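Each chain, letter by letter, is given below.
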Amino acid sequence: MSTLPDPSAGAAVKAADRAHVFHSWSAQGLIDPPAVAGAEGAYFWDYDGNRYLDFSSQLVNTNIGHQHPKVVAAVQEQAGRLCTIAPGFAVDVRSEAARLVAGRTPGDLDKIFFTNGGAEAVENAVRMARLHTGRPKLLSAYRSYHGATAAAINLTGDPRRWPSDTASAGVVHFWGPYLYRSPFHATSEEEECARALAHLEDTIVFEGPGTIAAIILESVVGTAGILVPPAGYLAGVRELCDRHGIVFILDEVMSGFGRTGRWFAADHFGVTPDLLTFAKGVNSGYVPLGGVAISAEIAATFDRRPYPGGLTYSGHPLACASAVATINAMAEEGIVENAARLGEDVLGPGLRALAERHRSVGEVRGMGVFWALELVKDRTTREPLVPYNAAGEAAAPMNAFAAACKKSGLWPFVNMNRTHVVPPCTLTEAEAREGLAILDEALTVADTHTV
């Protein structure tokens, strides 16, 4: 793929985009989408010759990097053999994708229901939970993101929920653990864990345990802050679910497939949910794919009772081919292990060193290639660099930081007062250090907004 500048072609792409494409999460008249000419590995570039180190993995999904040759070849081969077939047929590539996913999920999550993406995976997981239990309510955390479809957006805790929240979807939100901004006035991880579990138990009791179908949590909270749960928290939620007959759903759409240095983030905590949702990294988004991994008990609910759900493209052959190639390449090339090593030896130490040099960094947290820098105005008071859900002029300090990153060739993932460091799992040590050096420079801009 050519990396030579071609501004006229870029202008044509952008003109067509502005004329016809309606973009998500955007005021259409206020955006200026970059025209991308190509991508490879950890980089992508535009038509003007600007090349960016992708520290966002696009939407935290290109875990295997851009244009991995084995995955591209698998999609091409499958297209030449069988492009599509209805989900009611047994197909080799679909069966193999399910086998490979089931072989890496924790416990007995051995049945796989394929969807087109993460939001649909969540929709179907909560539907299964409601049908399995015969109960209506769902509990999820305020600091969360579960998707933009009907049930998923109501489960979501962040402000993207607000315009679509009907207050009638049967969802109750609660506070999860977050020691840096503890809602429980905790001073240690142990206190935060115990108090968060006590709060969740109170929520269950006052909502009525017999009315709650499921509790859904991101194993490691993603867009809402890269919040790694304290030791014992997920196990404590598992125990509460078991005690009250509640289905435990772990959302691994963002944290799965190597992102945290394990195949699934749940593996760090020794916890097996009843249902596990996945997407994104299962095939790095090369073709849309998601799914639900289902426990034996819940799968048995539908042995003689039809499951009332389905999708035209469930287990699409091209998507499954890309998943098979992705999972095999990750195993053969030690990509999950690479993510773990980068987090332990390069990104973690490097980001903590940045925190020592920059007064705008309030906290560093994460694992694998899943990190966040929380930026603050004042380290003592922990006042965020920008207000919660800031927009316009109020968001200017974070916008200036992001602009400084892009000017130096780094594409950041910025959300509220945080920058997330979420590069591909295939990142090399040299690329990681290149990104850290650019972050070091850009943080000097954030520092100018501190007190």
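Below: a short report on this structure. (Residues numbered from 1 in each chain as written. Predicted model: local features only at pLDDT ≥ 70, side-chain atom pairs only at ≥ 80, totals over all residues. Heavy atoms only, no water.)

Some points on the sheet that holds strand 2 (residues 43-46)
Consideration 1: Spatially, the four strands line up as an open sheet ordered 1-2-3-14, and their pairing is mixed. Here the strands that pair on one side only, and so sit at the sheet edges, are strand 1 (36-40) and strand 14 (410-411). (Pairing = 2+ DSSP bridges. Helix = DSSP H or I, 4+ residues; strand = E, 2+ residues; numbered from the N terminus.)

With respect to the packing of aromatic side chains
Consideration 1: Inspection of the entire model under this criterion finds ten aromatic pairs.
Consideration 2: With 5.0 Å between their ring centres and 65° between their planes, F257 and F264 make a pair best called edge-to-face. Take F257 and F264: they sit in the same class, and that class is buried.
Consideration 3: Ring pairing ties together the aromatic residues F114, F257, W263, F264 and F278, which thus form one cluster.
Consideration 4: Over the ring of Y43 we find R51, and its NZ or CZ is 3.7 Å from the ring centre.
Consideration 5: Between the NZ or CZ atom of K406 and the centre of the ring of W411, over which it lies, the distance is 4.3 Å. (Phe/Tyr/Trp six-rings, centres within 6.5 Å; stacked < 30°, edge-to-face > 60°. Buried < 20%, exposed > 50% of the residue type's maximum accessible area, 1.4 Å probe, protein only. Lys NZ or Arg CZ within 6 Å of the ring centre and 35° of its normal.)

A word on the sheet that holds strand 7 (residues 212-218)
Consideration 1: The seven strands lie next to each other as 4-10-9-8-7-5-6, forming an open sheet whose pairing is mixed. The open sheet has two edge strands, strand 4 (111-115) and strand 6 (171-174), and neither has a second partner. Strand-to-strand twist across the sheet, computed as the mean angle between neighbouring axes with direction ignored, equals 20°.
Consideration 2: Of the pairings in the sheet, the one linking strand 5 (residues 137-141) to strand 7 comprises four bridges and is parallel in character. Residue K137 lies in a different strand from strand 7, and its bridge partner there is I212. (Axes fitted to C-alpha atoms, helices over the stretch in contact; angles between N-to-C directions.)

What about the pairing of strand 3 (residues 51-54)?
Consideration 1: The pairing of strand 2 with strand 3 spans three bridges and is antiparallel. Bridging from a neighbouring strand, W45 pairs with R51 of strand 3.
Consideration 2: Between strand 2 and strand 3, which pair antiparallel one after the other, the connecting turn spans four residues, and G49 there sits at a positive phi close to 90°.
Consideration 3: For strand 3 and strand 14, the ladder comprises two bridges, and the chain directions are parallel. Residue pairing in the sheet places D54 in a bridge with W411 of strand 14.

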